[in-house]
Amino acid sequence: MLTQLAWKNIWRNKKRSLVIILAIMLGLWGGLFSGAIMMGMAESMVDSAIDRYLGHVEIHSKKFKDDVQITNYIKDVKAVENAINAQDSIAGYSKRTILEGMAASAASSFGVKIVGIDRVAEKSVSRLYQKIVDGDYFDTQKRNQVIIGKKLADRLNLKLRSKIILTFQDVHGEIIYLACRITGIFKTESSVFDETNVFLRQVDLMRSLHQTETLIHEIAIRVKSAKYVPVVEQNLASALPGLAVETWEKMAPELAFVSSSMEAFTYLFVAIILFALLFGITNNMLMSVVERIRELGILTAVGMKKSRVFFMILLETIFLSMTGGILGMTVGGFFIGFFNSAGIDLSAFATGLESFGSASMLYPFLPASMYIGLTIMILFAANIAALLPAWKATHLTPAEAIRTY
Amino acid sequence: MALIELKDISKTYNTTAVPVNALKDINITFEKQEFTAIVGPSGSGKTTMLNILGGLDKPTNGTVIIDNNDITKMKPGNLVDFRLNKIGFVFQAYNLIPVLTALENVEFIMLLQKVSKKERREQAENLLQDVGLGDRMDNRPSQLSGGQQQRVAVARALASKPAFVLADEPTANLDSKSAESLLDMMEEMNKKHNMTFIFSTHDARVIKRARRVVTLEDGMVKEDKINK
Ligand SMILES: Nc1ncnc2c1ncn2[C@@H]1O[C@H](COP(=O)(O)OP(=O)(O)O)[C@@H](O)[C@H]1O
Ligand SMILES: [Mg+2]
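Colleague: Explain the overall build of chain B to me, please; I cannot follow it from the model alone.
Modeller: A count of helices and strands for chain B gives seven helices and 10 strands. Over its C-alpha atoms chain B spans a radius of gyration of 17 Å, differing by no more than 12% from the 17 Å that the globule rule assigns to 228 residues. Considering only C-alpha atoms, chain B reaches an extent of 50 × 40 × 40 Å along its principal axes. Taking as baseline every contact in chain B between residues at least 6 positions apart, the subset at least 24 positions apart corresponds to 68%. Here chain B holds 31 positive side-chain charges and 29 negative ones, and the gap between their average locations is 2 Å.

Here you go:
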């Protein structure tokens, strides 16, 4: 009955209650949607980084982690491949040769990472082949083809079919010059990546290095679903104790940080909104208590304990806040759900987003756990908002409150 | 043994610029089953006396003994429970919770006493029948006349099975016909339930109906007589 009474009490002044409920609803809706956009952006950054090059798990020799040297290659590639093939949630893996070097045109030169790949294997890990904007992805058999990023092409004033000179050291420290023909130009979400990576066929690279056996510095693995990442990493790490087995989160800690801090940011965001709403709710409840001083006085007089009066006011505040909160979460949830499947086209701002490495289509989302967290936050806010009104309601003197002169 | 005993009660309000001596050294007792009117002009101290009697206010001096309990020495928390279980209250106006029906208003007091739902409902229905509102149980206060609202208030006061009912000017906001019939009903309850009623009034027609009339003037008992 106290619950029913509290619920009825909040509808005594419909207009006033609706205004505050609407305010809570709009505040949460806005907060959640902004949060979902931030989360969507973070996820897009992570996904594009994984798709572009990173993969889910990468394996290097431990020395290579400290010093990117041609000689720090993975000694027993066969063992790694056996360990990988023993896992059943692997979608694909690519054995890469990584060299630090320079790319030079007639106009200028720039420091780059030279990546030697196997065309087919690489396709099973990265989506580079989908990012070719000019030319093709090693579709012809000609020797010494190179694929470079649009940004680097612009920087070095190069076009498709231009000649480019790559410079790097061989295992003996001798400088190797390799003249290549640009057969493909890619453009990813990250302009930094486009500027600093060039891709060659592994065979061409090995021929220029006079290597009979292929040197592998990096093995990138894509798993069937992100949820398998920790398991695969653990299994491989214990199977290959001599090597550095790392997830994308360790490879790109800045990305992992962005992704995890977005959730915290969303909470912070909503907390700030709730904090502002707190004053509105408190004010609303104070007005409601002051209007009912006589009635509350009579209730105290006839024997309603302070604790019950307090509880009633608290319940009223919770009902008021939760009505707005549930509405806001529902509307926000629908909104997020709709744009999560429809996507938001941000191509108008895409140039700005590129420097963040985020795609131009945005899919806002909010993890389900967030709604639980929010409900707790709203309840918490309601408890704080109720303190002053409930204090006022319990510290009246019945004789004074009832007195009619 | 008297039901209620006021010993050397005085009350001074110090909230005003000049302190007001609202009650001056009152000594009076009330017995079970009384039907008593406290009368006197406005400002004579009726409300102050009823508030002290009902444990809503503390006297400046003196003691109030109800059923062998000195309520002036009670802790606030115990006093609330004492009021809930021992005293029924009817005020001048706005007694009821506007969002609850007549029935729920009467039930509410028993809810506070933790009476079971079934018993609550039954008791409230009986009492509303008794006060002549059997057909208005599901009406909200705003759908009832002033007289009917006061009847609900009396039913609520009785619902807690108190030792006595205090009513401060229960007819002040009623027309004379409603006032008469409210008094009829209170008298009936006084007889039927052996319930003690102490009510204040300055209405001559209401005074006539009391069996005992205590007249206050200037915070002192001027007259205490039995009506024939
Ligand atoms: N809270 C108060 N503060 C100051 N003076 C008061 C207060 N309540 C009552 N009084 C004064 O006490 C006297 C008695 O008042 P009251 O008991 O209300 O009389 P009645 O109910 O007979 O009209 C009056 O002079 C009134 O002004
Ligand atoms: Mg009075």
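Colleague: What exactly am I supposed to notice about helix H15 (residues 368–394) of chain A here?
Modeller: Given 3.6 residues to a turn, an α-helix orients residues that are three or four positions apart in the same direction. Look at H15(A): 38 Å from first C-alpha to last across 27 residues, which is about the 39 Å you get at 1.5 Å a residue. At A:Leu387, H15(A) shows its maximal bend, which comes to roughly 40 degrees, and the proline A:Pro389 appears one to four places after that position.

Colleague: I keep staring at the packing of aromatic side chains and nothing clicks. Help me out?
Modeller: A ring pair, where both rings are aromatic, is described by two values, the distance of the centres and the angle of the planes. Residue and element names in this part refer to chain A. Overall, the coordinates contain 18 aromatic pairs over all chains when judged by the stated rule. Consider the rings of Phe186 and Phe193, whose centres lie 6.0 Å apart with planes at 50 degrees: the pair is tilted. Across the pair, Phe193 and Phe186 agree in class, each one buried. An angle of 80 degrees between the planes, with centres 5.0 Å apart, marks the rings of Phe338 and Phe339 as edge-to-face. On the basis of relative accessibility, which here comes to 22%, the residue Phe339 falls in the partly exposed class. Connected via pairs of aromatic rings, a cluster forms that spans Trp29, Phe33, Phe335, Phe338 and Phe339. In this arrangement the basic side chain of Lys75 is found over the ring face of Tyr73, its NZ or CZ atom lying 4.5 Å from the centre. Positioned above the aromatic ring of Tyr53 is the side chain of Arg96, whose terminal nitrogen or guanidinium carbon lies 3.9 Å from the ring centre.

Colleague: Just checking my understanding: could you explain helix H2 (residues 76–86) of chain B for this structure?
Modeller: By the burial criterion, the buried members of H2(B) are B:Leu79, B:Val80, B:Phe82, B:Arg83 and B:Leu84. Buried residues belonging to H2(B) abut helix H12 (293–302) and helix H16 (398–402) of chain A together with strand S4 (61–66), strand S5 (69–70), strand S6 (87–90) and helix H3 (102–112) of chain B.

Colleague: Just to check I follow, could you spell out the site of ligand 1 for this structure?
Modeller: Looking at ligand 1, there are 16 residues lining it, with A:Arg403, B:Gly43, B:Lys46, B:Thr47 and B:Thr48 nearest. Those chains with residues close to ligand 1 are chains A and B. For ligand 1, an oxygen atom lies 3.0 Å from a polar atom in the side chain of A:Arg403. Interatomic distance of 3.3 Å between a backbone N/O atom of B:Ser44 and an oxygen atom of ligand 1. Coverage of ligand 1 by the protein chains reaches 80% of its 550 Å² of free accessible surface. For the shell around ligand 1, the secondary structure elements donating two or more residues are strand S2 (20–30) and helix H1 (46–53) of chain B. A per-element tally of the shell around ligand 1 places H1(B) first, with three residues.

Colleague: How should empty space enclosed by the protein be read in this particular structure?
Modeller: Empty space among the atoms becomes apparent when a probe as large as a water molecule is rolled across them. Residues and elements named next belong to chain B. Tallied over the entire structure, the rule returns four cavities of 30 Å³ or more. Taken as a whole, the largest cavity holds about 50 Å³ of empty space. If you trace the largest cavity, you find it lined by Leu50, Asn51, Leu56, Phe89, Val90, Phe91, Leu166, Ala167 and Asp168. Elements with a contribution of two residues or more to the lining of the largest cavity: H1, S6 and strand S7 (164–168). At three residues, S7 tops the list of elements feeding residues into the lining of the largest cavity. Classifying every residue of the lining of the largest cavity by side-chain character gives seven nonpolar, one polar and one charged.

Colleague: Whenever I open this one, the sheet that holds S2(B) confuses me. Can you help?
Modeller: Across a sheet, strands are paired by hydrogen bonds formed along the backbone, either parallel or antiparallel in direction. Read from one edge of the open sheet, four strands run S2-S1-S4-S5 (chain B), paired in antiparallel fashion. Strands with a single pairing partner mark the edges of an open sheet, and in this sheet they are S2 and S5 of chain B.

Colleague: Would you explain the interface of chain A and chain B in this entry?
Modeller: How big an interface is tends to be reported as the loss of accessible area on association of its parts. Chain A puts 22 residues into the contact, and the matching count from chain B is 30 residues. Summed over both sides, the interface between chain A and chain B buries roughly 2,400 Å², with carbon and sulfur atoms accounting for 65% of that surface. The three residues of chain A that bury the most area against chain B are A:Met1, A:Val302 and A:Arg308, which together make up 26% of that side's buried surface. Here A:Lys8 and B:Glu104 are joined by a salt bridge, their closest N and O atoms 3.6 Å apart. Here chain A and chain B share four residue pairs in polar contact (both at pLDDT 80 or more) between them. Among the elements of the structure, helix H1 (2–10), H12 and H16 of chain A are those that each provide at least two residues to the side of chain A that touches chain B. With seven residues, the top contributor of residues to the side of chain A that touches chain B is H12(A).

Colleague: Explain the environment of A:Ile50 here, please?
Modeller: All names here are of chain A. Note on placement: Ile50 falls in helix H2 (residues 14–54). Assessed through its relative accessible area of 5%, Ile50 is described here as buried. A C-alpha to C-alpha distance of 8.6 Å links Ile50 and Arg222, two positions 172 residues apart in sequence. Setting aside residues no more than four positions away along its own chain, Ile50 makes contact with Gly55, His56, Arg222 and Trp248.

Colleague: Could you clarify how one ought to interpret the sheet that holds S7(B) in this entry?
Modeller: All names here are of chain B. The mixed open sheet is built from six strands, whose spatial order is S6-S7-S8-S3-S9-S10. The open sheet has two edge strands, S6 and strand S10 (220–226), and neither has a second partner. On average, each strand axis in the sheet is tilted by 15 degrees relative to the strand beside it, whichever way the strands run. As judged from the six bridges shared by strand S9 (residues 212–217) and S10, these two strands associate in the antiparallel manner. Bridged to Leu216 within S10 is Val221.

Reading the values: rules and limits
Residues numbered from 1 in each chain as written. Chains lettered and ligands numbered in written order. Predicted model: local features only at pLDDT ≥ 70, side-chain atom pairs only at ≥ 80, totals over all residues. Heavy atoms only, no water. Helix = DSSP H or I, 4+ residues; strand = E, 2+ residues; numbered from the N terminus. Rg over C-alpha atoms; globule rule 2.2 N^0.38 Å. Contact = heavy atoms within 4.5 Å. Lys, Arg positive; Asp, Glu negative; His and termini not counted. Charge placed at Lys NZ, Arg CZ, Asp CG, Glu CD. Expected span 1.5 Å × (residues − 1). Bend = angle between axes of the 7 residues up to and from the residue. Phe/Tyr/Trp six-rings, centres within 6.5 Å; stacked < 30°, edge-to-face > 60°. Buried < 20%, exposed > 50% of the residue type's maximum accessible area, 1.4 Å probe, protein only. Lys NZ or Arg CZ within 6 Å of the ring centre and 35° of its normal. Near = heavy atom within 4 Å. Polar contact = N/O pair within 3.5 Å; in protein donor to acceptor, adjacent residues only side chain to side chain. Areas by Shrake-Rupley, 256 points an atom, 1.4 Å probe, with all protein chains shown as cover. 1 Å grid on protein atoms, 1.4 Å probe; cavity = no way out; pocket = protein on both sides within 12 Å on 5 of 7 lines; lining within 4 Å. Points joined across faces, edges and corners; volume = space filled by probe spheres on them. Nonpolar A, V, L, I, M, F, W, Y, C, P; charged D, E, K, R; others polar. Pairing = 2+ DSSP bridges. Buried area = accessible area lost by both parts, 1.4 Å probe. Salt bridge = Lys/Arg side-chain N within 4 Å of Asp/Glu carboxyl O. Axes fitted to C-alpha atoms, helices over the stretch in contact; angles between N-to-C directions.

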